[in-house]
Amino acid sequence: MIRNLIILLVIFFSGAASACECNFDPLTDDSVRAAKNLFVFRLVSAEIISDDLKLPATSQISGSIEIVETIRGKPTFKTIIYNTFNCCGSRLDVGHYYVAFSSESGVQFLGNSGNLVSLGDWYDKKFSPRKDIEKVLTKKATVKQAFIAFSRERIDQTPPPPPPPCPQNTK
């Protein structure tokens, strides 16, 4: 009886397992160092350019950007393209600021959690991420040390693993 109850509970509480396999690499120290263009931009507007009706909550987005600080390179981007799929998609908020690490050129680039870091809804050049980025470029810090976890994880739509169970009080 108890065995059947445990099996029933396991089946009930286990959802469909899904593994995400992204078509981009995560943001790493090496990818930051290799990027030809490092810049801060503000997402000015965003609009859906395609909906995939076969996959729920999947949209390709075109966002208009304003570059507010160039750290390296000569970026000429006016648009960012990203998707909102819950597996490897991105969450970008209009009006917020982001650091981009891109080797693309042209007027648009593809954005994702492998080449963006969120700075939030406020930006002032006095508090520029330039010093933190330069520490990563000169190997004095890692990406994890330079940017708080919230900034990296804010963009990522990949569901995190469940938290570990809480220890039980056995008194």
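Residue numbering note: each chain is counted from 1, following its sequence as written. In keeping with the predicted nature of the model, local features appear solely for residues at pLDDT of at least 70, side-chain atom pairs appear and are counted solely at 80 or more, and the whole-chain, interface and lining totals rest on all residues. As a convention, hydrogens and water are excluded, and side-chain values are obtained from all of the structure's heavy atoms.

This brings us to the overall build of the chain. Counting secondary structure elements, the chain contains five helices and six strands. In sequence order, the chain lays out its α and β elements as α-α-β-β-β-β-β-β-α-α-α. Buried, partly exposed and exposed residues are distinguished by accessible area as a fraction of the type maximum, computed with a 1.4 Å probe on protein chains only: under 20%, between the cut-offs, and over 50%, respectively. Buried residues in the chain amount to 35% of all 171 residues. Under the convention used here, a 1.4 Å probe and the Shrake-Rupley method define accessible areas, while residue burial counts only the protein chains that appear. In the structure as shown, the chain presents an accessible area of about 11,600 Å², 57% of it carried by carbon and sulfur atoms. Strands are runs of DSSP state E lasting at least 2 residues, helices are runs of H or I lasting at least 4, and numbering of each runs from the N terminus.

Throughout this description, the term nonpolar core refers to a set of buried Ala, Val, Leu, Ile, Met, Phe, Trp, Tyr and Cys residues connected via side-chain atoms within 4.5 Å. Of all hydrophobic cores here, the largest spans 16 residues; its most connected members are Phe101, Ile133 and Phe147. Looking at this core, the elements with two or more residues in it are strand S1 (37-51), strand S4 (97-102), helix H3 (130-137) and helix H4 (143-146). In terms of residue count, S4 provides more of this core than any other element does, three residues in total. By size, the runner-up hydrophobic cluster in this structure holds 14 residues, among which are Phe77, Ile80, Leu92 and Tyr98.

In this section: the packing of aromatic side chains. Any Phe, Tyr or Trp ring, taking Trp's six-membered ring, that has another such ring centre within 6.5 Å forms a pair; planes under 30 degrees apart are called stacked, those over 60 apart edge-to-face, and the others tilted. Scanning the entire structure with this criterion turns up nine aromatic pairs. Chaining the aromatic ring pairs together yields one cluster made of Phe39, Phe41, Phe77, Tyr98 and Phe109.

Further remarks concern the confidence of the model for the chain. Predicted confidence across the chain gives a mean pLDDT of 82, with 74% of residues reaching 70 or more. What pLDDT reports is the predictor's confidence in each residue, on a scale of 0 through 100. Least confident of the elements in the chain is helix H1 (residues 2-13), whose mean pLDDT is 50; most confident is strand S5 (residues 108-110), at 96. Contacts from residues 8-17, a stretch scored under 50 in pLDDT, to residues over four places away or in other chains number zero contacts. Contacts between residues were defined by any pair of non-hydrogen atoms, one from each residue, lying within 4.5 Å.

Looking now at the pattern of salt bridges. Any Lys or Arg side-chain nitrogen found within 4 Å of a carboxyl oxygen on Asp or Glu counts as a salt bridge. For the structure on display, the rule yields three salt bridges. Between Asp30 and Arg33 there is a salt bridge whose closest N-O contact spans 3.5 Å. With a gap of three residues between them, Asp30 and Arg33 both fall in helix H2 (residues 29-34), about one helical turn apart. Look at Asp30 and you get exposed, because its relative accessible area is 58%. Residue Arg91 is joined to Asp93 by a salt bridge in which the shortest nitrogen-to-oxygen separation is 3.5 Å. Taking relative accessible area as the criterion, Arg91 reaches 39% and is therefore assigned partly exposed. Judged by relative accessible area, which is 17%, Asp93 ranks as buried.

Further remarks concern the environment of Val68. As for its position among the elements, Val68 is in strand S2 (residues 59-72). Setting aside anything within four residues of it in sequence, one finds Val68 in contact with Val40, Phe41, Tyr97, Tyr123 and Lys125.

The subject of this paragraph is the environment of Gly111. With respect to the helices, strands and loops of the structure, Gly111 is situated in the loop between S5 and strand S6 (116-120). For Gly111, a relative accessible area of 8% translates into the label buried. Considering only alpha carbons, one finds Gly111 and Ser90, 21 residues apart in sequence, at a separation of 7.9 Å. The contact partners of Gly111, leaving out residues within four places of it in the chain, are Ile80, Ile81, Tyr82, Ser90 and Leu116.

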